[in-house]
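# Coordinate inspection notes
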Amino acid sequence: MKIAIVGPAHPYKGGGARHTTELAHHLAAAGHDVIIESWRAQYPSRLYPGQQTVDVPEGVPYPRTRRRLAWYRPDGWLAEGRRLRPADLVVFALLTPLQVPAYLTIMTGLHRRARIAVICHNVLPHERRPADVPLVKALLRRADTVITHSAAQAAQARELAPGATVRTVAMPAHLPASVSPAQGTERAEVSAPVLARGDDPPEPPALAGAARPPKPPRPSARTSSPDPSARTRLIFFGIVRPYKGLDVLLRALARAPAHVTLTVAGEFWGDITKMDSLIAELGLAGRVTLRPGYVPADQIPALFGAADALVMPYREATASQNALLAFAHGVPVITTTAGALAESVRDGVDGLTCAPGDEKDLLRALEEISDPQVVRRLRAGIPAMDPDRGWADYLRVLLAG
């Protein structure tokens, strides 16, 4: 099958770009004729306050990636659609409604010869603009298939496009190259582009879809008191945005045992001084370390190697690779049950779960993880990572007619 994937890829960073790239690799390995149509300028920098691109790839780049799309060249969008007419399937990776005008224009150029699939990383953004709903509604109604990664996202897609064929499948692993043990520098061989002419400018192991083992009984009392001089080192990882609940984590941390510390590593979506002020107000200056800015893939192992647990205190969420990233480094996870986050964490086995936006419930989890025996027990429960697991099911759902 001739397949074109329209979405971000290297040098763009982040889970969306890695997913697009891994999807192309796996489709090509399955024998399909695949290209990626990516961006040379995805949207104005004023709309994305963080770092958009990186010099060093986060994974193995897909060799047949073309970067001809630009937000400021709508004429190029229509031309792209015409170039993709020989495709049997065109897959659009939706990460933000800002992409929708370009995607709709490309669809117009296709003249509906190809089957159209939209992969919704987020059906709607967590922080919405007035035009987001009508834009996404228009996109999903033009698709033959809509792919979502959780039941909640599927329901949202069906509400926006009642007549659409919406399918749900677990997000497969697409971790940075430095932590993907089965990902080498070689991939399936692919031939030269044939779809168009022109100049080129997890499912985690034993979790999704499988019966979970019963939770082990938690001790009603500690058998020994933790050494207060031994720190419990927590990490919050990734772009800091309001919906991710870092403020909730800080307020819970202020009431947690004093030997529990936190490192916040990632870009700040907005003014970092507000977080500085909250840390000072809560008296956490000696227990919280801020490491603002993008974390390159080759620095991730050392960062997680110095942590006892990853904390994901999200108020709301769709899906995230961060739990799998932590597991790949042998680090337990504390997560809220927002969205599909908790689907990759077995409460009391390889991590702890709590209610979203609930400072008291998160405090309970922090108090539990403050015991070194609990950390050791959760570490022992982390399954071995298979970065290719889940991709076979993902391709099956995507390619189903």
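Bear in mind that the values here come from a model prediction, so they are computed numbers and not experimental data.

Basis of the calculations
- Every chain begins its residue count from 1, and numbering advances along the sequence as written.
- The predicted nature of this model means local features are confined to residues of pLDDT at least 70 and side-chain atom pairs, given and counted, to a pLDDT of 80 or more, with totals for whole chains, interfaces and linings taken over all residues.
- Computation of side-chain values covers all heavy atoms of the structure but excludes hydrogens and water.
- Two strands pair if DSSP finds at least two bridges between them.
- Secondary structure elements are defined from DSSP: runs of H or I of at least 4 residues count as helices, runs of E of at least 2 residues count as strands, and each element is numbered from the N terminus.
- Note on geometry: axes are lines fitted to C-alpha atoms, helical ones only across the stretch in contact, with angles between N-to-C directions running from 0 to 180 degrees.
- Whether two residues are in contact is decided by their heavy atoms: any pair within 4.5 Å suffices.
- What makes a salt bridge here is a side-chain nitrogen of Lys or Arg within 4 Å of a carboxyl oxygen of Asp or Glu, nothing more.
- Relative accessibility thresholds used throughout: buried, under 20% of the residue-type maximum; exposed, over 50%; partly exposed, between the two (1.4 Å probe, protein chains only).
- Two N or O atoms count as a polar contact when they lie within 3.5 Å, although within protein this holds only if one can serve as hydrogen donor and the other as acceptor, and sequence-adjacent residues are included solely when both atoms are side-chain atoms.
- Here the arc refers to the set of directions running from the helix axis out to each C-beta atom.
- To define a nonpolar core, start from buried Ala, Val, Leu, Ile, Met, Phe, Trp, Tyr and Cys residues and group those joined through side-chain atoms within 4.5 Å.

Bringing the sheet that holds strand E6 (residues 145–148) into the picture now. Pairing within the open sheet is parallel, and its seven strands lie in the order E3-E2-E1-E4-E5-E6-E7. Edge strands, defined here as strands with exactly one partner in the open sheet, are strand E3 (65–70) and strand E7 (166–168). Averaged over all adjacent pairs, the angle separating strand axes in this sheet is 25°, with direction ignored. Contacts from helix H5 (residues 151–160) reach E6 and E7, with the element oriented near 175° to E7. Along the sheet, helix H12 (residues 391–399) makes contact with strand E1 (2–6), strand E4 (89–94), strand E5 (115–120), E6 and E7, crossing E5 at roughly 135°.

The next subject is the pattern of salt bridges. All chains considered together, the criterion is met by 18 salt bridges. In this structure, aspartate 75 and arginine 73 form a salt bridge, with 2.6 Å as the shortest nitrogen-oxygen distance.

As a further point, take the sheet that holds strand E10 (residues 288–292). Reading across from one edge, E10-E9-E8-E11-E12-E13 is the order of the six strands in this open sheet, with parallel pairing throughout. Sheet topology places E10 and strand E13 (351–354) at the edges, where each strand pairs with a single neighbour. Averaged over all pairs of adjacent strands, the angle between their axes in this sheet comes to 20°, without regard to strand direction. Two elements, strand E11 (residues 309–312) and strand E12 (residues 333–336), share three bridges in a ladder whose sense is parallel. By the bridge assignment, methionine 312 is partnered in E12 with threonine 335. With respect to the sheet, helix H10 (residues 359–369) is in contact with strand E8 (232–237), strand E9 (260–266), E11, E12 and E13, its orientation differing from that of E13 by roughly 160°.

Moving on to H10. Among all positions of H10, only Leu362, Leu363, Ala365, Leu366, Glu368 and Ile369 are buried. The distance from a side-chain oxygen at the start of H10 to the backbone nitrogen of lysine 360 is 3.1 Å, and the residue carrying that oxygen is aspartate 358.

The next subject is helix H4 (residues 132–142). Buried within H4 we find Asp132, Val136, Leu139 and Leu140. Projected onto a plane normal to the axis of H4, the buried residues spread over an arc of 95° and lie on a single side. Looking at the buried positions of H4, the neighbouring elements they touch are E4, helix H3 (100–110), E5, E6 and H5.

A separate point is the nonpolar core. Formed by 37 residues in total, the largest nonpolar core has its most connected members in Val90, Phe92, Val118 and Leu140. Of all the secondary structure elements, the ones that give two or more residues to this core are E1, strand E2 (33–41), E4, H3, E5, H4 and H5. Per element, the largest residue contribution to this core is seven residues, and it comes from H3. If sequence neighbours within four positions are ignored, valine 90 has contacts with Ala4, Val6, Leu84, Leu110, Ala114, Arg115, Ile116 and Ala117. One finds Phe236, Phe268, Leu284 and Val288 within the second-largest nonpolar core, a separate group that totals 32 residues.

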